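Overview (structure and organization)
Single-letter residue listing:
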Amino acid sequence: MNIQALLNYDREHLWHPYTSMTDPLPVYAVESASGVRIRLMDGRELIDGMASWWSVIHGYSHPVLVKALCEQAGRLSHVMFGGLTHEPAVELARLLVEMTPDGLEKVFLCDSGSVAVEVAMKMAIQYQIASGRQKRCRFLTIRGGYHGDTFHAMAVCDPVGGMHHLFAGVLPRSLFADRPECQFSQSWDHRDIDSFARLIEQHHQELCAVILEPIVQGAGGMRFYHPQYLRQVRALCDTYGVLLIADEIATGFGRSGKLFACNHAGISPDIICLGKALTGGMMSLAAVLCTDRVAETISSGSPGVFMHGPTFMANPLACLVACASIRLLLESDWQQKVSRIESLLKQGLAPCRELPQVEAVRALGAIGVVEMKAPVVMKEMQAAFVARGVWVRPFGRLVYVMPPYCMTEEDLSIVTTAIVEVVAGEGRS
Ligand SMILES: *Cc1c(COP(=O)(O)O)cnc(C)c1O
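Okay, so let's go over this structure. Given the structure is predicted, the values throughout are model-derived calculations rather than measurements. (Residues numbered from 1 in each chain as written. Predicted model: local features only at pLDDT ≥ 70, side-chain atom pairs only at ≥ 80, totals over all residues. Heavy atoms only, no water.)

**Observations concerning the pairing of strand β1 (residues 30-34)**
Regular strands show a simple pattern: their side chains alternate between the two faces of the sheet. What counts is decided by this rule: DSSP-based pairing: two strands are paired if at least 2 bridges between them are found. Think of it this way: any DSSP run of H or I at least four residues long counts as a helix, any run of E at least two long counts as a strand, and we number them from the N terminus.
In this sheet, strand β2 (residues 37-40) lies alongside β1 in antiparallel orientation, the contact comprising four bridges. Note that in β2 the partner of serine 32 across the bridge is arginine 39. Counting the residues between successive antiparallel strands, the hairpin from β1 to β2 contains two residues, one of them, glycine 35, with a positive phi of roughly 55 degrees.

**Let's talk about the sheet that holds strand β3 (residues 45-48)**
Judged by pairing direction, the sheet is mixed, and its four strands sit side by side in the order β1-β2-β3-β15 without closing on themselves. Edge positions in the open sheet fall to β1 and β15 (390-391), since each of these has one partner strand only. In this structure, β3 lies alongside β15, joined through two bridges in parallel fashion. Bridge pairing links aspartate 48 to tryptophan 391 in β15.

**Examining the site of the ligand**
We count it as follows: Summary of the distance rule: residues count as near a molecule or strand when at least one heavy atom falls within 4 Å of that molecule or strand. Any pair of N or O atoms that falls within 3.5 Å is considered a polar contact. Within protein, one atom must be able to donate a hydrogen and the other to accept it, and sequence-neighbouring residues count only if both atoms are side-chain atoms. Computed with a 1.4 Å probe, the accessible areas rest on the Shrake-Rupley method; for each residue, only the protein chains presented here act as cover. Asp, Glu, Lys and Arg are counted as charged, while Ala, Val, Leu, Ile, Met, Phe, Trp, Tyr, Cys and Pro are counted as nonpolar; the rest, among them Gly, fall into the polar class.
The immediate surroundings of the ligand are formed by Ser112, Gly113, Ser114, Tyr146, His147, Gly148, Glu213, Asp247, Ile249, Ala250 and Lys276. Between the ligand and serine 114, the relevant distance is 2.6 Å, taken from an oxygen atom to a side-chain nitrogen or oxygen of the residue. Contact distances for the ligand include 2.6 Å between a nitrogen atom and a side-chain N or O atom of aspartate 247. Coverage of the ligand by the protein chains reaches 82% of its 380 Å² of free accessible surface. Taken together, the residues of the shell around the ligand sort by class into three nonpolar, five polar and three charged.

**Observations concerning the layout of surface pockets**
For clarity, the threshold we go by: In the cavity and pocket records, a cavity denotes points on a 1 Å grid over the protein atoms alone where a 1.4 Å probe fits but cannot get out, a pocket denotes an open set with protein on both sides within 12 Å along at least 5 of 7 lines, and lining residues are residues with an atom within 4 Å of a point. Grid points are joined across faces, edges and corners, and a volume is the space filled by probe spheres set on the points.
Within this model, the second largest pocket holds a volume of roughly 200 Å³. Those elements giving two or more residues to the lining of the second largest pocket turn out to be α12 (334-349) and β13 (358-364). Among the elements that line the lining of the second largest pocket, the one with the most residues is β13, at four residues. Classifying every residue of the lining of the second largest pocket by side-chain character gives five nonpolar, two polar and four charged.

**Looking at the pattern of salt bridges**
Quick reminder of the rule: A pairing counts as a salt bridge when a side-chain nitrogen of Lys or Arg comes within 4 Å of a carboxyl oxygen of Asp or Glu. When a residue's accessible area, from a 1.4 Å probe over protein chains only, is under 20% of the maximum for its type it is buried; when over 50% it is exposed; and in between it is partly exposed.
Taken as a whole and judged by the stated rule, the model has 21 salt bridges. A salt bridge links arginine 37 to glutamate 45; the shortest N-O distance between them is 3.6 Å. Residue class for arginine 37 comes out partly exposed when judged on its relative accessible area of 30%. According to the relative accessible area criterion, glutamate 45 is partly exposed, its value standing at 39%. What emerges from the salt-bridge pattern is a single network uniting Glu31, Arg37, Arg39, Glu45 and Asp411.

**Describing the sheet that holds strand β4 (residues 104-110)**
Formally: Each axis is a line fitted through C-alpha atoms, taken for helices only over the stretch in contact, and angles between the N-to-C directions span 0 to 180 degrees.
Spatial ordering of the open sheet is given by β4-β12-β11-β10-β7-β5-β6, a layout of seven strands whose pairing is mixed. Looking at the sheet topology across the chains shown, the edges are occupied by β4 and β6 (175-177). Here the average twist between neighbouring strands, direction ignored, is 20 degrees. Sheet analysis places strand β5 (residues 138-142) next to strand β7 (residues 207-212), joined by three bridges and oriented parallel. Directly across from leucine 140, in β7, lies its bridge partner valine 210.

**Digging into the environment of leucine 140**
Note the cut-off: Working rule for contacts: check all heavy atoms of both residues, and any pair within 4.5 Å makes them a contact.
Here leucine 140 lies in strand β5. Relative accessible area serves as the criterion here: at 0%, leucine 140 is assigned to the buried category. Residues leucine 140 and valine 210 lie 70 residues apart in sequence; the distance between their C-alpha atoms is 4.7 Å. Beyond its immediate stretch of four places on either side in the chain, leucine 140 contacts Leu175, Phe176, Ala177, Phe196, Leu199, Ile200, Leu207, Ala209, Val210 and Ile211.

**Topic: the packing of helix α5 (residues 113-130) against helix α10 (residues 292-300)**
So the rule is basically this: Each angle gets one of four labels, with under 35 degrees taken as roughly parallel, over 145 as roughly antiparallel, 65 to 115 as roughly perpendicular, and the rest as oblique. Crossing handedness follows the turn of the near helix against the far one: under a right angle anticlockwise gives a left-handed crossing, and clockwise gives a right-handed one.
Between α5 and α10, the shortest axis-to-axis distance is 8 Å and the interhelical angle comes to 60 degrees. With respect to their mutual orientation, α5 and α10 come out oblique. In this structure, α5 crosses over α10, and the sense of that crossing is left-handed. For the pair formed by α5 and α10, the contact residues are Met123, Gln126, Tyr127 and Ala130 on the first element and Arg293, Val294, Thr297 and Ile298 on the second. Looking at the contact of α5 with α10 residue by residue, the classes come out as five nonpolar, two polar and one charged.

**Here we look at the packing of helix α13 (residues 378-387) against helix α14 (residues 409-425)**
With their axes 10 Å apart at the nearest point, α13 and α14 run at an angle of 140 degrees to one another. As far as their axial angle goes, α14 and α13 are oblique. When you trace α13 past α14, the crossing you get is right-handed. For the pair α13 and α14, the contacting residues are Met381, Ala384 and Phe385 in the first and Ala418, Ile419, Val422 and Val423 in the second. Grouping the amino acids of the contact of α13 with α14 by side-chain chemistry returns seven nonpolar, no polar and no charged.

**Observations concerning the packing of aromatic side chains**
Applicable threshold: Pairing of aromatic side chains requires ring centres within 6.5 Å, counting the rings of Phe and Tyr and the six-membered ring of Trp. Pairs whose planes differ by under 30 degrees are stacked, by over 60 edge-to-face, and all others tilted.
Applying the stated rule across the entire model yields seven aromatic pairs. Aromatic pair tyrosine 28 and tryptophan 391: ring centres 6.0 Å apart, planes at 75 degrees, arrangement edge-to-face. A residue pair is termed long-range when its members are at least 10 positions apart, and tyrosine 28 in the loop between α1 (3-13) and β1 and tryptophan 391 in strand β15 qualify at 363 residues. In this structure tryptophan 391 comes out as buried when scored by relative accessible area, which is 19%. Each ring, one from phenylalanine 395 and one from tyrosine 400, has its centre 5.6 Å from the other, and the planes form 85 degrees; the classification is edge-to-face. Pairwise contacts between aromatic rings join Phe196, Tyr225 and Tyr229 into one cluster.

**A look at empty space enclosed by the protein**
Per the stated rule, a full pass over the model turns up one cavity of 30 Å³ or more. The space that makes up the largest cavity amounts to roughly 40 Å³. Its residues assigned to classes, the lining of the largest cavity comprises four nonpolar, one polar and two charged.

**Topic: the side chain of glutamate 118**
The condition is simple: We treat Lys and Arg as the positive residues and Asp and Glu as the negative residues; His and chain ends play no part in the count.
Checked against the element boundaries, glutamate 118 lands in helix α5. The side chain of glutamate 118 is buried and forms no salt bridge, while lysine 122, the nearest opposite charge, is found at 7.4 Å. Here histidine 152 takes part through its backbone nitrogen, which lies 3.1 Å from a polar atom of the side chain of glutamate 118. If sequence neighbours within four positions are ignored, glutamate 118 has contacts with Thr150, Phe151, His152 and Ala153.

In structure tokens:
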């Protein structure tokens, strides 16, 4: 198929994320990708600043991951997980239990991040029911969050930036504390927790769990908040018998500079959600881990089982690739790579601070953010990046990158230079 025919058919028939079917933004056709480069069908190459939404931490077509996938495809590509098990699932569970914060011992494998959030929320509800507290079925979260696009996940996304207005009639009503104002590297102001503390104190008898993204609020605003906030949330959850669900779907596997963002605060949640980089971006897989206490309570209540079981649960291809990706990560000097990216992002993006159209510039781990004062025109900005050989996809007021950890200093400098130039040109054309 020639490129134009492909793009035409795409435009006529394919939904893309958050797009119109009658007036879609342009898309670029990809032929292949390797390392940090995406190759377009027209022959152009783009250095990827997005890691395909946090996931491709080792770069594209990594030979170790490709080999794992191919070998497993010839052995056992899928088998139902009801009544059967296999080495890729068991090995993945072992790796996850070992590497995640202390106390997370029981593993539920599912298909995608949003499903993992649903699974975690169902666990919290079943836990409270099994504990004889049926009334506890609401969730408390913080403003500015993003947890996915399925219904209960939407219900805890930011109430303004999320989809609440549209689906108001069908969404469960969650409680929202003010978003943390103290930034990651600022000094702690104890008043920052007041709104959260008030809500949990007033409503704990109807709350089953708190769900939040630890330290890094991703798609809801790309903000990095103070570890003390998270420690206080943990303590308040314990005081009021409310579970803490950490959504580490974006932050897991080293992205924020620690293996998991919870490690910045030295806390363990009762339930953790993992996804995105779990398979190194090779395919979709997510995991929910919980404590023995949560698992045993659910299993001791009625009906004595956890009520979830997707068709492709623990898919062996995805599990084996996840094992290979985790080993690649743990055997690499990822900490050094991520902290080097952090300092290069800080340096490279610093010139944006001088620009009048820029509100703020920040970096944490392998995440760099330029927050604009006004929303960007995505179509134009996207084209300006592609013209510079770079793949960066801004949204709203945010121009941000989270490159694969293997990006060289040279490539990263091409990315940050492009951001400075494109942001500087914004609003001038
Ligand atoms: C991406 C994301 C999700 C949703 O994951 P999907 O795989 O897109 O369903 C949930 N929570 C956070 C924090 C995310 O970044």
